[in-house]
Amino acid sequence: GLVASGVAVATLANNHISDYGGVGIENTAKILRENSIDVAGLEGAILYKTVKGTSFAFLAFNDIYGSIPPVLKADSETIKRLVKEARKNADVVVVSMHWGVEYRATPDNRQVELAHLVADAGADLVIGNHPHWIQNDEQYKNTYIKYAHGNLVFDQMWSEETKKGVIGKYTFEDGKLVDKEFIPTYIVDYGQPQVIAN
């Protein structure tokens, strides 16, 4: 499904990646890489990719339980060090954050604090998830922050909010975010997302 969808980068920094221990993390990364999907969110790894002449750095951190080595934990010093390093070596720095409280429409203080830390370290785009609901966005200095995109492929059919999500489409030109679009989705039949026509 990921290959058919054209996914090129996946983050492993989330609270369930360690459910099957280190072997599960290792096997997941291996299978993704064997299918030409690069992995972000593991220790020491800043993922660099060049797209149409623009160099991107991808990082990912988990702020919920479940971060065991080599999964990157949302530790302030680690975030600052890696984001600053990425800033020196890429035109665009994208940071994925797994954070927040489930089933809330607004970010909590910890999310905002981390988002601003990531932004101040040099990120251009911060994209978040974990709350299972869509959350708001924020323009903080030169950084755009989307706190949560909601669910996409998931089995939470027991409420309307957990069936909703958005796919964020972020367009960069000359290293600057020039456009963003949110494509609404709705989950039907346990894990089958459909794009909702505007």
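Residues numbered from 1 in each chain as written. Predicted model: local features only at pLDDT ≥ 70, side-chain atom pairs only at ≥ 80, totals over all residues. Heavy atoms only, no water.

Trainee: Quick one: what's the story with the layout of surface pockets, residue by residue and with numbers?
Mentor: Roughly 180 Å³ of volume is contained in the second largest pocket. Put simply, the parts of the chain that give the lining of the second largest pocket at least two residues each are strand 8 (143-146) and strand 10 (176-188). A breakdown of the residues in the lining of the second largest pocket according to their chemical character gives 2 nonpolar, 4 polar and 4 charged. (1 Å grid on protein atoms, 1.4 Å probe; cavity = no way out; pocket = protein on both sides within 12 Å on 5 of 7 lines; lining within 4 Å. Points joined across faces, edges and corners; volume = space filled by probe spheres on them. Helix = DSSP H or I, 4+ residues; strand = E, 2+ residues; numbered from the N terminus. Nonpolar A, V, L, I, M, F, W, Y, C, P; charged D, E, K, R; others polar.)

Trainee: Could you give an account of the packing of aromatic side chains, naming the residues involved and the relevant values?
Mentor: Aromatic rings considered in pairs are described by the distance between their centres and by the relative angle of their planes. This model, assessed by the stated rule, comprises 6 aromatic pairs. With a centroid separation of 5.6 Å and an interplanar angle of 25°, the aromatic rings of Trp 99 and Tyr 147 are classed as stacked. With Trp 99 in the loop between strand 5 (92-98) and helix 4 (109-121) and Tyr 147 in the loop between strand 8 and strand 9 (164-173), this pair connects stretches of sequence that are 48 residues apart. Considering the side-chain rings of Tyr 144 and Tyr 170, the 6.1 Å spacing of their centres and the 50° angle between planes classify their relative orientation as tilted. With Tyr 144 in strand 8 and Tyr 170 in strand 9, the pair connects residues that are 26 residues apart, well separated along the chain. We note that Tyr 144, like Tyr 170, is buried. An aromatic cluster is present here, built from Phe 56, Phe 58 and Phe 172 joined pairwise through their rings. Here the basic side chain of Lys 146 rests over the ring of Phe 182, its NZ or CZ set 4.8 Å away from the ring centre. Positioned above the aromatic ring of Tyr 144 is the side chain of Lys 180, whose terminal nitrogen or guanidinium carbon lies 4.7 Å from the ring centre. (Phe/Tyr/Trp six-rings, centres within 6.5 Å; stacked < 30°, edge-to-face > 60°. Buried < 20%, exposed > 50% of the residue type's maximum accessible area, 1.4 Å probe, protein only. Lys NZ or Arg CZ within 6 Å of the ring centre and 35° of its normal.)

Trainee: Would you mind going over the nonpolar core in detail, with residue names and values included?
Mentor: A general feature of soluble globular proteins is that nonpolar side chains tend to end up buried together. Ranked by size, the top nonpolar core spans 25 residues in total, and within it Leu 59, Phe 61, Ile 79, Val 83, Val 93, Val 95 and Met 97 carry the most contacts. Those elements that place two or more of their residues in this core are strand 4 (54-62), helix 3 (76-89), strand 5 and helix 4. Core analysis: the second largest hydrophobic core is formed by 13 residues, Ala 10, Ile 17, Ala 29 and Val 39 among them. (Core = buried A, V, L, I, M, F, W, Y, C linked by side-chain atoms within 4.5 Å.)

Trainee: Could you give me a rundown of the environment of Ala 105, with the residues and numbers involved?
Mentor: Tracing the backbone through its elements, the reader meets Ala 105 in the loop between strand 5 and helix 4. Exposure remark for Ala 105: the relative accessible area of 41% places this residue in the partly exposed category. For the pair Ala 105 and Pro 193, spaced 88 residues apart in the sequence, the C-alpha separation amounts to 20 Å. Residues in contact with Ala 105, not counting those within four places in the same chain, are Trp 133, Ile 134, Gln 135 and Asn 136. (Contact = heavy atoms within 4.5 Å.)

Read these as spatial facts, not as claims about activity.
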